[in-house]
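Below, each chain spelled out in residue letters.
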Amino acid sequence: MGDISVSQQYGPIGIFDSGLGGLTILDGIRHRMPQYDFIYLGDNARAPYGTRSFDVVYQFTLQAVRKLFSMGCPLIILACNTASAKALRSIQHNYLPQTFPDRRVLGVIRPTAEIVGTLTHTNHIGILATEGTIRSESYNLEIQKLYPATTVVGQACPMWVPLVENGEYDKPGADYFVRDSIQKLLNADPQIDTVILGCTHYPLLLQKIRQYTPEGITLVPQGKYIAESLEDYLQRHRDMEQSLTKGGTCQYFTTESSEKFRESASLFLHESIKVAHITL
Ligand code: DGL
């Protein structure tokens, strides 16, 4: 598709999500590392990704990665668990080495897996995520690779993303679905003491999730940990760090209507933003 490898590329960090949820990751990263420039790209026109097949998520994610590379990003974070679960490995192993060997694409599953093993005392970990992420078993595989003595149980929450996207996350109707999924998870393994919120939308439901989670269970939203992990990565990869521009800016792009994105983004961000429409 005409990709050209450029040996030294200076530019912003690209943050990709299927829609709005990745803003929780962007927020965590910008809070910790405000000096960098960022481009946020949400594929809102084709969200949600959570119920789509491996192949479709891979194709969509690859299109977004190409677009962010063409906009000059040396480094892209797939701030979407579903894309990280279904597309990251193929992009890293099959696409990057041939087309952009000097650029990098990182996901959110590995950093979350790394941290969660240090938080559990019972070695029983629960995952709440989209159907796609749970079915991929990516979390189970990553966590058990790092912490083989751990039991990992997942519960898909197909209603949670629509509740957030439709602005119902703080309304009484959300209570039923939040309570139901948490109960199912804890019934499947009552020894769970640490629960990953394995979807970028879920921090918006945090208040209700806390309400229906028994005390003593640690909830793990991702933004803070992804930011810490990225900072660590950039300390270890100085060439990449040097290639990131540092003007403290953030540009927003969506495949849907920019006005719609701007309005919905106010649920996630506490500043008014400018958004541009883009096609992939
Ligand atoms: N952002 C996605 C994730 O973290 C959830 C939304 C979707 O299904 O597209 O898994």
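Refer to the structure above for everything that follows.
Parameters at a glance
Residues numbered from 1 in each chain as written. Predicted model: local features only at pLDDT ≥ 70, side-chain atom pairs only at ≥ 80, totals over all residues. Heavy atoms only, no water. Pairing = 2+ DSSP bridges. Helix = DSSP H or I, 4+ residues; strand = E, 2+ residues; numbered from the N terminus. Axes fitted to C-alpha atoms, helices over the stretch in contact; angles between N-to-C directions. Contact = heavy atoms within 4.5 Å. Near = heavy atom within 4 Å. Polar contact = N/O pair within 3.5 Å; in protein donor to acceptor, adjacent residues only side chain to side chain. Areas by Shrake-Rupley, 256 points an atom, 1.4 Å probe, with all protein chains shown as cover. Nonpolar A, V, L, I, M, F, W, Y, C, P; charged D, E, K, R; others polar.

### Focus on the sheet that holds strand β8 (residues 218-220)
Phase 1: Taken in spatial order, the four strands of this open sheet run β6-β5-β7-β8, and their pairing is parallel. The open sheet has two edge strands with one neighbour each: β6 (151-156) and β8. Within the sheet, the average angular offset between the axes of one strand and its neighbour, ignoring direction, is 20°.
Phase 2: Contacting β5 (124-129), β7 (194-197) and β8, helix α5 (residues 109-119) runs over the sheet at an angle of about 160° to β7.

### A closer look at the sheet that holds strand β9 (residues 250-254)
Within a sheet, neighbouring strands are paired by backbone hydrogen bonds and run either parallel or antiparallel to one another.
Phase 1: The parallel open sheet is built from six strands, whose spatial order is β4-β3-β1-β2-β9-β10. For this open sheet the edge positions go to β4 (104-106) and β10 (275-277), each flanked by a neighbour on one side alone. Taking the axes of each pair of neighbouring strands and ignoring which way they run, one obtains an average angle of 20° across the sheet.

### Quick word on the site of the ligand
Phase 1: Near the ligand lie 13 residues; those nearest to it are S18, Y49, G50, T82 and T200.
Phase 2: Backbone polar atom of N81 to an oxygen atom of the ligand: 2.9 Å apart, as the coordinates give it.
Phase 3: In the model, an oxygen atom of the ligand is placed 2.7 Å from a nitrogen or oxygen of the T82 side chain.
Phase 4: Protein chains shield 99% of the accessible area of the ligand, which is 300 Å² for the free molecule.
Phase 5: For the shell around the ligand, a count of residues per class yields five nonpolar, seven polar and one charged.

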